[in-house]
Amino acid sequence: MRPGLHAATLALLVAAISVVGCSPSRDSGPAELELQIRIEPTPPTVGSTQLVVTVTDLAWHAVNGASVTISGGPMGQPEDVIAVTAEGRGAGQYFAPGVDFTIPGTWMVTVRVELRGGLWKEREESFEVRPASD
């Protein structure tokens, strides 16, 4: 790999990690999948956002036809809960538009991917939601 390409790849990886979560994610489940969670806009703010989940196998091949659900809420605020189903749009991409973050602070979100045949994987990730700009 060329030195410039390696540095650019590393910079993108570090940026993706710092944007998506504020703490390490935790995975569970028997399915051997890779999950990437992206929030738009980044950084997330109070109001409507879109979550995009990319699902691949361990060889980075897109996984389509899965059931993807997203649930969670702000830490310490069990009454402000989100629960949505993401829509598959091909290339291993699953979109959940119109997710409403009601308050700023640390949010914990769980993404659950269920495959045909019963295998599943969950990723739990936390991130900071900023106040809405005026």
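Keep in mind the model is a prediction, meaning the values are calculated, not measured. (Residues numbered from 1 in each chain as written. Predicted model: local features only at pLDDT ≥ 70, side-chain atom pairs only at ≥ 80, totals over all residues. Heavy atoms only, no water.)

1. What about the sheet that holds strand E2 (residues 33–40)?
- Spatially, E1-E8-E7-E4-E5-E6-E3-E2 is the arrangement adopted by the eight strands of the open sheet, whose pairing is antiparallel. Where the open sheet ends on each side, the last strands, each with one partner, are strand E1 (26–28) and E2. Geometrically, the sheet is characterised by an average inter-axis angle of 20 degrees between neighbouring strands, direction not taken into account.
- Inspection of the sheet shows E1 paired to strand E8 (residues 120–129) by three bridges, in the antiparallel sense. Counterpart to Asp27 in the pairing with E8 is Arg123. (Pairing = 2+ DSSP bridges. Helix = DSSP H or I, 4+ residues; strand = E, 2+ residues; numbered from the N terminus. Axes fitted to C-alpha atoms, helices over the stretch in contact; angles between N-to-C directions.)

2. Quick word on the pairing of strand E7 (residues 105–114)
- With eight bridges joining them, strand E4 (residues 67–74) and E7 adopt antiparallel strand pairing. Counterpart to Thr69 in the pairing with E7 is Arg112.
- Relative to E8, E7 runs antiparallel, the two being bridged by 10 bridges. Looking at the pairing, Trp107 lines up with Phe127 of E8.
- Between E7 and E8, which follow one another and run antiparallel, lie five residues, and Gly117 among them has a positive phi close to 100 degrees.

3. What to know about the side chain of Thr110
- Tracing the backbone shows Thr110 in strand E7.
- The contact partners of Thr110, leaving out residues within four places of it in the chain, are Thr69, Ile70, Ser71, Glu122, Arg123 and Glu124. (Contact = heavy atoms within 4.5 Å.)

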